[in-house]
Amino acid sequence: MDFGPYLLLATMEGAVGAAVLALTALGLSLVFGVMRVVNVAHGEFFMLGAVIAWWVAHLVGAHPALGFLAALVVAPIMVGLVAAVAERLVLRRLGYDPEATIVATIGLLYVIQQAALSTFGPDARPVEPPVDFRILLPWFGYSGYKLLVIAAAAALMLCVWWVLARTRVGLMMRATRFDRETARAFAIPVDRVYGGVFALGAMLAAVGAVLIVPIQQAHYLMGHDPLLLSFIVVIIGGLGSLRGTVLAALVIGMSDGVISVFFSPTLAKILATLLVAIVLVIRPTGLFGARAA
Amino acid sequence: MTLLETEGLSRRFGGLTAVDGVAFQLAEGEIRGLIGPNGAGKTTFVSLLSGRIRPSAGRIRFAGEDVTMLPAHKRVGRGIAYTFQITSIFARMTALDNVKLAAQRRLAHSWAGPDSERLEAAAMDALARVGLAARAGGLAGTLSYGHQRLLEVAMGLAMAPRLLMLDEPTQGLSDEEIAGFVGLVRGIARDATVLLIEHNMRVVMELASRITVLERGRILAEGTPAEIRRDEAVQRAYLGG
Amino acid sequence: MTAGGLDRAALLHLAVPALLFALQFVLPDYHHVNLARVMVLASFAAGYNIVFGYTGLLSLGHAMFFGAGLYTAGLLAQYAGVAAAPGFVLAILAGALFAALVGILALRTSGVSFMIVTLMFAQAAYLALHYFGDYTRSDEGFVVPAELRRLFGLALADPATRYFTALALFTGTLAVCHAVARSSFGRVLAAIRENEERTRMLGYDVFAYKLVALALSGAVSAAAGAAYAMLFGYVGAGLASIQYSIYPLLWVLMGGAATVLGPFLGTLAMFYLVDTASGFTSAYLFLVGLALIALVLFFPKGVLGTLRERALPWLP
Ligand SMILES: Nc1ncnc2c1ncn2[C@@H]1O[C@H](COP(=O)(O)OP(=O)(O)O)[C@@H](O)[C@H]1O
Ligand SMILES: [Mg+2]
């Protein structure tokens, strides 16, 4: 293949990755934005979404589209429930202490990972795409499903934006984020908002995973990369900012896709991790560090 | 001799100028009172002197040396000590360890640290001067509020500074404790210059050789206690006269 | 009061290695090798405790310092035939230097940022091991041949020598931690942990103290890593993965942060917990995860930290 078409292919692959990443990172960003805690188990919620998707599609068994649609509904709900329970039993009891929450969500990460390994097993398992058509370009054919993923992710993000900006629930979330105590004084049920936001964050990751699983297969270790990339997006994009998150997801997702096509994916990941570290070092008080003063 | 001198010292917080072009001199050996209504910028001003915060403009000279850019810990090394307005001790350490921390940097000549007997003696001496010797082994966090304030002062003493800045040290003390405190500051002033931020007028008038009045970040007046008492601008702004 | 505490503490810290020394004559083979491993890992945990416990810096990247020691000793032996003793010294230097370099950057942050920055540096180091997989053999790792693992003419692969070397390392780190806990240096670290701003205003260069603590911690962690390579003869990227940044945190949390013997106690308990559980199930990550959650929720001071608070205030 010539360079031009090759670059086009890399860009399209990058766009698919970016779309799913944007959803996943949005979940992490929302949780940090409103609750001021970092959820290290976020990648495991993603993985859980994929694994449940496989399980649901497998159980339904009928037409792939039917199984997929069922998964698209069931997986996020189940993941959201798991997250809500974890929030209730662990995070709330810790009083959302930033450092203790990180340690606890690391523990959660191990528990979820082990649960997946013990029930789902160590193998990667595919889910059939709901649609099966290819778009024929002059140089190569391209999976129509992948374009659907991009469209679905965009639609979902518009939904989230609408909820945040235009509804009462969104207003409560923004108020809680702005100042927890004042929000409480205005009779906003802060506990319920926190529980809801944590569940919603996990559900966004799960949806992203359901969308990707026909392309990537479900595997119990698949949560690592989304976690790392979401971190990068959230740190670069500015926390809690919807627009920043989406923009950063596009840039990171695209460049990750493109770099991985042309260079060693390991090198791409090394550079990405160092980038996060350096950004945090250069702007220590910008994002997470506003603890002092 | 002038120990400390500022020129055009300013600090802005966003749109608010908390300290506004202050020119200030402090002579070696004096006890200077610094008064002014709440929010006048007293804490900000001494924070600039101690290096806790950076000025937006202006210069600070200490003992002939420009220290404007010197980080806080190095200024302490030059002899500028500061006790916090909000009690800020190490609550989960013993009172003795609190004072040892204040003394050991001065006594140490290497990373190995100071001789432990000398350190203990220096720390106990500082505690004794504020009358806390009997509490040396107790956790600082379990001391009464008044004793915690005194512990702050003992830490300031243990640093053996050339300039000791006390930020509202008598806040929350009983009358009896205040009387003891006045004697204590007189003792301190025998070896150090003292800059005393104080709300209790009786204490300032009794202790200070000169008083500087700050209002809205600027020096409103400066003079002997008697002059300040007579100053009409001060009475209007501060003494409620 | 203070003097009595010091004596009791010093005695206790001598008694533990003495007990471990005596144990080697009575332990069955299986526990003999386990205990050697526990002592090496406990040394790693003790190194971690210097920053996490005494200085209050929650690092999530200590696997990179353990790995620095592991790979310095392992690669030097494998590719340059460097003997254990010089390899060990070089590994310690590498760990200290690496920690200092990481510290110069990471210590500009604090709290959650510090956690993430150390996590990211360690992850980059772990990925670098894969990037240079031709030499490191990535996750599969490599075995250091027994004939290269010799210390002063003694074969480290021999169980008795191995146990004794592990004990020597452990006693050494115990001495370092005891000294830190008792010294005026340690007092400044504790002050930084309690109230950084106040410590600075007492005239301490907080950044420099943290940097020295981190370098010391890196050196001790690397010493444990090098010992691991030389005593057990295996070097693999798994030992430098995130998991090995979380383990020392878990061990120290369990035994008690900022206690001298806590890291050993935590490592021992967790090792045998996982070991016993593996008799019933392979799901040992459950244990690790649940232990982390339970500790931060119900038992944040760990065994010895709680004991010190309730009954034994002199415990260092
Ligand atoms: N860190 C800060 N950020 C913003 N404003 C501040 C800060 N510190 C002090 N100020 C403001 O500066 C002014 C002076 O405060 P301060 O120096 O504490 O006064 P004083 O000690 O005389 O009561 C006040 O209006 C206060 O609100
Ligand atoms: Mg004040």
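Per chain, residue numbering runs from 1 following the sequence as it is written. Chains carry letters and ligands carry numbers; both start at the beginning, A for chains and 1 for ligands, and go up in the order they are written. Reporting of local features is limited, given that this is a predicted model, to residues whose pLDDT is at least 70; pairs of side-chain atoms are given and counted only at 80 or more, and all residues count toward the totals for whole chains, interfaces and linings. Hydrogen atoms and water are omitted, and side-chain values are computed over all heavy atoms in the structure.

Novice: Describe the overall build of chain B, naming the residues involved and giving the relevant values.
Specialist: Put simply, DSSP H or I for four residues or longer makes a helix, DSSP E for two residues or longer makes a strand, and each gets a number counted from the N terminus. Within chain B, the regular secondary structure consists of nine helices and 10 strands. Counting only C-alpha atoms, chain B reaches 55 × 40 × 35 Å along its principal axes. Three labels apply to residues, based on accessible area from a 1.4 Å probe with only protein chains included: buried if under 20% of the type maximum, exposed if over 50%, partly exposed otherwise in between. Across the 241 residues that make up chain B, the buried fraction comes to 51%. Two residues qualify as a contact provided that any one of their heavy atoms is within 4.5 Å of a heavy atom in the partner residue. Once local pairs closer than 6 in sequence are excluded, the contacts in chain B between residues at least 24 apart make up 67%. Here chain B has roughly 10,300 Å² of accessible surface; of this, 48% comes from carbon and sulfur atoms. Neither His nor the chain termini are counted; the positive set is Lys and Arg, and the negative set is Asp and Glu. The location of each charge is read from NZ of Lys, CZ of Arg, CG of Asp or CD of Glu. Distance from the positive charge centre (29 side chains) to the negative charge centre (26 side chains) of chain B: 5 Å. Each accessible area value is a Shrake-Rupley result obtained with a 1.4 Å probe; residue values ignore everything except the protein chains displayed when judging cover.

Novice: Please give an account of the overall build of chain A that cites residues and values.
Specialist: Tallying secondary structure elements over chain A gives 11 helices and two strands in all. Within these notes, the globule rule equals 2.2 Å times the number of residues to the 0.38 power, and the radius of gyration is based on C-alpha atoms. Taking 2.2 N^0.38 as the reference for a compact globule, 293 residues should give roughly 19 Å; the C-alpha atoms of chain A span a radius of gyration of 19 Å, in line with that estimate. Oriented by its inertia axes, the alpha-carbon framework of chain A measures out at about 60 × 45 × 40 Å. For chain A, with 293 residues in total, the buried portion stands at 52%. Here the contacts in chain A between residues at least 6 apart in sequence split such that 77% fall between residues at least 24 apart. Here chain A displays about 12,900 Å² of accessible surface, and carbon together with sulfur accounts for 68% of that area. The positive charge centre, built from 18 side chains, and the negative charge centre, built from 14, are 11 Å apart in chain A.

Novice: Residue-level account of the interface of chain C and chain B, with values.
Specialist: Of the residues lining the interface, 19 residues belong to chain C; the matching set on chain B comes to 26 residues. Buried area: the accessible area, evaluated with a 1.4 Å probe, that two parts lose upon being put together, summed over both parts. Sorting the residues of chain C by area buried against chain B places C:Arg187, C:Arg198 and C:Met201 first, and these three jointly supply 34% of that buried surface. Take a side-chain nitrogen of Lys or Arg and a carboxyl oxygen of Asp or Glu: if they are within 4 Å of each other, that pair is a salt bridge. At the surface where chain C touches chain B, the tally comes to four salt bridges. With its nearest N and O atoms 3.2 Å apart, the salt bridge here joins B:Asp97 to C:Arg187. Of all the elements in the fold, those that place two or more residues in the side of chain C that touches chain B are helix H8 (184-194), helix H9 (196-200) and helix H10 (206-232) of chain C. Per-element tally for the side of chain C that touches chain B: the top contributor is H8(C), with seven residues. Three residue categories are used. Nonpolar comprises Ala, Val, Leu, Ile, Met, Phe, Trp, Tyr, Cys and Pro, charged comprises Asp, Glu, Lys and Arg, and polar comprises the others, including Gly. When the residues that make up the side of chain C that touches chain B are grouped by side-chain class, the tally is nine nonpolar, four polar and six charged.

Novice: Mind laying out the arrangement of the chains, listing which residues take part and the relevant values?
Specialist: Where the two pairs of chains in contact are concerned, the greatest contact count is recorded for chains A and C. Over all C-alpha pairs, chain A and chain B never come within contact, reaching a minimum spacing of 11 Å.

Novice: Describe in detail the environment of C:Ser278, supporting the description with residues and values.
Specialist: With respect to the helices, strands and loops of the structure, C:Ser278 is situated in the loop between helix H12 (262-277) and helix H13 (284-298). C-alpha of C:Ser278 to C-alpha of C:Tyr247: the two residues are 31 residues apart in sequence and 17 Å apart in space.

Novice: Got a sec to walk through the pattern of salt bridges? Specific residues and values, please.
Specialist: Tallied over the entire structure, the rule returns 21 salt bridges over all chains. Its salt-bridge partner being A:Lys146, residue A:Glu13 comes within 2.7 Å of it at the nearest N-O pair. Pair noted here: A:Glu13 is in helix H1 (residues 3-35) and A:Lys146 is in helix H5 (residues 144-166), with a separation of 133 residues, a long-range link. Residue A:Glu13 is classed as partly exposed on the basis of its relative accessible area, which comes to 31%. The exposure class assigned to A:Lys146 is buried, which follows from its relative accessible area of 14%. Among the ionic pairs, B:Arg92 bridges to C:Glu194, the shortest N-O distance being 3.2 Å. Of the two residues, B:Arg92 is situated in the loop between strand S6 (80-83) and helix H3 (95-107) and C:Glu194 in helix H8; the pairing between them involves two chains. Connected through salt bridges with shared partners, the residues B:Arg52, C:Glu196, C:Glu197, C:Arg200 and C:Lys210 form a single ionic network.

Novice: Please set out the interface of chain A and chain C residue by residue, giving values where relevant.
Specialist: Often, the extent of an interface is quoted as the loss of accessible area upon association of its parts. If you look at the interface, chain A gives 39 residues, while chain C gives 38 residues. Around 3,200 Å² of area is buried between chain A and chain C when both sides are counted, 83% of it from carbon and sulfur atoms. Contact with chain C buries area across many residues of chain A, yet A:Val103, A:Tyr110 and A:Gln114 alone supply 20% of it, more than any other trio. Throughout this description, a polar contact denotes any pair of N or O atoms lying within 3.5 Å of each other; where both atoms belong to protein, one of them has to be capable of donating a hydrogen while the other can accept it, and for residues adjacent in sequence the pair is counted only when both atoms sit in side chains. At the junction of chain A with chain C, the criterion picks out two residue pairs in polar contact (both at pLDDT 80 or more). Among the secondary structure elements, those contributing two or more residues to the side of chain A that touches chain C are helix H3 (64-91), helix H4 (98-120), helix H9 (224-237) and helix H11 (265-282) of chain A. Sort the elements by how many residues they give to the side of chain A that touches chain C and H4(A) lands first, with 15 residues. The residue makeup of the side of chain A that touches chain C, split by class, is 27 nonpolar, eight polar and four charged.

Novice: Can you tell me about H9(A), naming the residues and giving the values?
Specialist: Because the α-helix completes a turn every 3.6 residues, residues three or four places apart line up on one side. Every helix has an expected span of 1.5 Å times one less than the residues it contains. The end-to-end C-alpha distance of H9(A), which contains 14 residues, comes to 20 Å, matching closely the 20 Å that a straight helix rising 1.5 Å per residue would cover. Most of H9(A) sits inside the fold, with 11 of its 14 residues counted as buried.

Novice: Go over the site of ligand 1, please, and point to the residues and values.
Specialist: Residue and element names in this part refer to chain B. A molecule or strand has a residue near it when one of that residue's heavy atoms lies within 4 Å. The local shell around ligand 1 consists of Phe13, Leu16, Ala18, Pro37, Asn38, Gly39, Ala40, Gly41, Lys42, Thr43 and Thr44. Between ligand 1 and the protein, one listed contact pairs an oxygen atom with a backbone N or O atom of alanine 40 at 3.2 Å. Across the complex, the protein chains shield 58% of the 560 Å² of accessible surface that ligand 1 would expose by itself. When contributions to the shell around ligand 1 are tallied by element, the ones reaching two or more residues are strand S2 (16-27) and helix H1 (42-50). Classifying every residue of the shell around ligand 1 by side-chain character gives five nonpolar, five polar and one charged.

Novice: Break down the pairing of strand S4 (residues 57-62) of chain B for me, with residues and values.
Specialist: As a general feature of sheets, a regular strand has side chains that alternate between the two faces. Residue and element names in this part refer to chain B. With five bridges joining them, strand S1 (residues 2-13) and S4 adopt antiparallel strand pairing. Of the residues in S4, the one forming a bridge with glutamate 5 is arginine 61. Two strands make a pair as long as DSSP finds a minimum of two bridges between them. Pairing of S4 with strand S5 (residues 65-66) involves two bridges; the strand directions are antiparallel. When the sheet's bridge partners are listed, phenylalanine 62 is paired in S5 with glutamate 65. Here S4 folds back onto S5, and the loop between the two strands holds two residues, one of which, alanine 63, carries a positive phi near 50°.

Novice: Would you mind going over the confidence of the model for chain B in detail, with residue names and values included?
Specialist: Residue and element names in this part refer to chain B. One confidence number per residue, pLDDT, is output by the predictor and ranges from 0 to 100. Confidence in the prediction of chain B, expressed as mean pLDDT, is 91, and 96% of residues score 70 or more. When pLDDT is averaged over each element of chain B, S4 comes out on top at 97 and helix H9 (residues 232-239) at the bottom at 75. Overall fold confidence for the complex sits at a pTM of 0.90, while the interface term, ipTM, reaches 0.91.

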